[in-house]
Amino acid sequence: QVQLVESGGGLVQAGGSLRLSCAASGRTFSNYAMGWFRQAPGKEREFVAAISRSGGNTDYVDSVKGRFTISRDNAKITVYLQMNSLKPEDTAVYYCAADRRTGYYTTDRLVKGYDYWGQGTQVTVSS
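The rules behind each value
- Residues numbered from 1 in each chain as written.
- Predicted model: local features only at pLDDT ≥ 70, side-chain atom pairs only at ≥ 80, totals over all residues.
- Heavy atoms only, no water.
- Helix = DSSP H or I, 4+ residues; strand = E, 2+ residues; numbered from the N terminus.
- Contact = heavy atoms within 4.5 Å.
- Buried < 20%, exposed > 50% of the residue type's maximum accessible area, 1.4 Å probe, protein only.

### Some details on the environment of T58
Tracing the chain through its elements places T58 in strand β6 (residues 58-60). As a C-alpha pair, T58 and S17 span 41 residues in sequence and 20 Å in three-dimensional space. Setting aside its immediate chain neighbours within four residues, T58 contacts A50, I51, I70 and T107.

### A word on unusual backbone geometry
A positive phi is found at I77, a non-glycine position, where the angle reads about 45 degrees. Tracing the sequence through the fold places I77 in the loop between β7 (68-73) and β8 (78-83). Its identity as a non-glycine residue notwithstanding, S85 has a phi of 50 degrees, on the positive side. With respect to the helices and strands, S85 occurs in the loop between β8 and β9 (92-99). A relative accessible area of 40% means that S85 is categorised as partly exposed.

Laid out in structure tokens, this is it:
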């Protein structure tokens, strides 16, 4: 089992940047593909970005491509989401998640594919 704790959210003006961190517990972090999801008020939780267990493969929802970057540091058992050129529509609670079932080189876009979730961190982008 792994526990996930997100941090780094906050209030930022449009065009600004934030870096989210997700610290994991346990010694098997490298066995998990990781993902970031977000949920805005009244909306379903949606996929944002994912990174494979290998760290060599990443995937992004179209709306954040070129602006967000997901990365992982297995030595620090942490996954990051660098968010640049933020827009008001990026406002949401951001969650990190761990997937223990996907392959070493693959990523996962599905909420139901993830086994463990953090508590979320609020990101608010003002116009």
